[in-house]
Amino acid sequence: MYKILKKDGRAKRAEFTTVHGTVQTPVFMNVGTVAAIKGAVATSDLEQIGTQIELSNTYHLHVRPGDEVVKKLGGLHKFMSWDKPILTDSGGFQVFSLSSLRKIKEEGVYFNSHIDGRKIFMGPEESMQIQSNLASTIAMAFDECAPALAERDYVEKSVARTTRWLARCKAEMQRLNSLPDTINQNQLLFGINQGAIYEDIRIEHAKEISQMDLDGYAIGGLAVGESHEDMYRIIEAVTPYLPEDKPTYLMGVGTPVNILEAVDRGVDFFDCVYPSRNGRHGHLYTNLGKINLFNAKYELDDRPIEEGCQCPACRRYSRAYIRHLLKAKEMLGMRLCVLHNLYFYNTMMTEIRDAIDRGEYQAYKKRKLDGLMNGQS
C-alpha cells in the first residue's frame, strides 16, 4: 500500500496505492471543500494541471447537499466526476473553527450549522458514517483540533479524548466497510496526532496511536496560530515516532516554504487553501516570490505571470489582461489565477520528488527557498 522508493536525509520519496489509483509522494492535495475548487475550477482542469488527489470537507458536504444525497448519486467520485483519490477530512477542524457554534462532549460535538443555524451532532461514528456515504478513498478520524496556544491541562484532556474517539472511529469504519451497501468497502482511515505545541504530549500521543495499525497518520493542530519555528519544532519531534511504513500527512499546511521545510522533516501529504484563496485575490506564486496583480505596475505588463510556466494562464494570457479581469470582477480572472497557483504547487511537488530521487533535496531546497524569499510584489 505505502512503499518508500528513496530517502534523502529524512525526506521520503514514496508511492501510496489505493483503490482509486497510486499517489506519488510527497504530494499536495488540491482543496475542494464542497466537492469543487473555489474559483470555477473543474475536475477536468485538475487533470490538466497534474493533480493527483483532491480533498473535500465532511462537515460542509454533510450540511449541503447532504451525504445521503451524495450516496444516492453513487458517491463523491461519481458526483464530482473525478476518478482519482479523494481524502475527506473528518469535520474535526470545524470543532476548532466554529468555536462559537459548538459544545464538545465525550460522545461528540454539538454544532449549530453556519448556514441555517440548525442543530447538528457529530461524533466519531457519525463522522465515519458520513465519510462512508461520501465513499472517499481516505477518511480522516474525528478529533478535536485544540488551539495551538491552549493551556497544558486542556490539551492533555483533549488529546486523551481524541485517542478514545480514534478507537471508536476504527471500530466503526471496520463495521461500515463490511456492509453490503457500502460504496467503497476499501475506504482507508488516517489517525491524527494532536498536542498543540507540547513536544512531550505530541510524542506520547504519536506512540499511542501508532499501536492502532492505521492506514496513515496525520499531524493536526498546526498552522492554527503558532509560530513557524514552533511548527517545525513539533514536526521534527513527532515524525520519528510515527510509523515509517505508513504515510505522514501535515494537515492544513501551507506555504511553499512550509512544505519545503516539512518534506525535509519526513512529511508526505499536504493540503492548504492558500493557492486557491490567494489566487482569487490576485496573489500569485512564482519561483521568484509572490506577485500581486492588483499593483498598478502590471497594468501594461504583457508578460505571462511567470516566464516558462506551462499552466493554462501563462501559456496564453498576460499579466495585464488577467489584472484587467480581476479589476473588472470577471470570474475568468479568478479562475486563471487559481489554476496558476495550483499548477505551481503541483509542479513544485514534482520537482521535490525528482530532487529526492536524485539524492539532491538539500541543494534543491536551498535554490527554491532563495528564489521564493526574493519577495516580489
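Residues numbered from 1 in each chain as written. Predicted model: local features only at pLDDT ≥ 70, side-chain atom pairs only at ≥ 80, totals over all residues. Heavy atoms only, no water.

What am I meant to see in the environment of asparagine 133 here?
Locating asparagine 133 in the fold gives a position in helix α6 (residues 124-134). Distance from asparagine 133 to alanine 320, taken between C-alpha atoms, is 45 Å for residues 187 residues apart in sequence. Those residues within four positions of asparagine 133 in sequence are excluded, and the remaining contacts are Asp67, Glu68, Val70, Lys71, Gly75 and Ile183. (Helix = DSSP H or I, 4+ residues; strand = E, 2+ residues; numbered from the N terminus. Contact = heavy atoms within 4.5 Å.)

Explanation requested: the sheet that holds strand β5 (residues 54-57) in the structure shown.
Two pairing modes exist for strands in a sheet, parallel and antiparallel, and in both the strands are linked by backbone hydrogen bonds. Taken together, 8 strands build a closed barrel; the order of strands is β4-β5-β6-β10-β11-β12-β13-β14 and the barrel is parallel. Adjacent strand axes in the sheet meet at a mean angle of 30 degrees, parallel and antiparallel pairs treated alike. Sheet contacts for helix α8 (residues 199-210): β11 (188-193) and β12 (216-219); angle to β11, the most-contacted strand, approximately 160 degrees. (Pairing = 2+ DSSP bridges. Axes fitted to C-alpha atoms, helices over the stretch in contact; angles between N-to-C directions.)

Help me out: how do you make sense of helix α10 (residues 256-263) in this one?
For α10, the tally of buried residues reaches 7 of 8 residues, placing the bulk of the element in the interior. When α10 is considered as a whole, its buried residues turn out to be Pro256, Asn258, Ile259, Leu260, Glu261, Ala262 and Val263. (Buried < 20%, exposed > 50% of the residue type's maximum accessible area, 1.4 Å probe, protein only.)

Explain the packing of helix α12 (residues 319-327) against helix α13 (residues 331-358) here, please?
Two quantities define a packed helix pair, namely the angle between the axes and the distance from one axis to the other. Across the interface, α12 lies against α13 with an axial gap of 7 Å and an inter-helix angle of 130 degrees. Compared by their axis directions, α12 and α13 come out oblique. As for the relative orientation of α12 and α13, their crossing is left-handed in sense. From α12, Tyr321, Ile322, Leu325 and Leu326 reach across to α13, where they touch Leu332, Gly333, Met334, Leu336 and Cys337. Across the contact of α12 with α13, the residue classes break down as 8 nonpolar, 1 polar and no charged. (Parallel < 35°, antiparallel > 145°, perpendicular 65-115°, else oblique. Left-handed = near helix turned anticlockwise from the far one by under 90°. Nonpolar A, V, L, I, M, F, W, Y, C, P; charged D, E, K, R; others polar.)

Would you mind going over the sheet that holds strand β2 (residues 11-18) with me for this structure?
Across the sheet, 3 strands lie side by side as β1-β2-β3; this open sheet has antiparallel pairing. In the strand order of this sheet, the two ends are held by β1 (2-8) and β3 (21-25), each with one partner. Going from strand to strand, the sheet's axes swing by 10 degrees on average, the running direction of each strand aside.

Is there a simple way to think about unusual backbone geometry in this case?
One can expect most non-glycine residues to show negative phi and most peptide bonds to be in trans. Along the chain, arginine 64 connects to proline 65 via a cis peptide bond; the corresponding omega equals 10 degrees. By the secondary structure assignment, proline 65 is in the loop between α2 (58-63) and α3 (67-72). Along the chain, valine 253 connects to glycine 254 via a cis peptide bond; the corresponding omega equals 0 degrees. Among the structural elements, glycine 254 can be located in the loop between β13 (248-250) and α10.

Coordinates in, geometry out; function isn't part of it.
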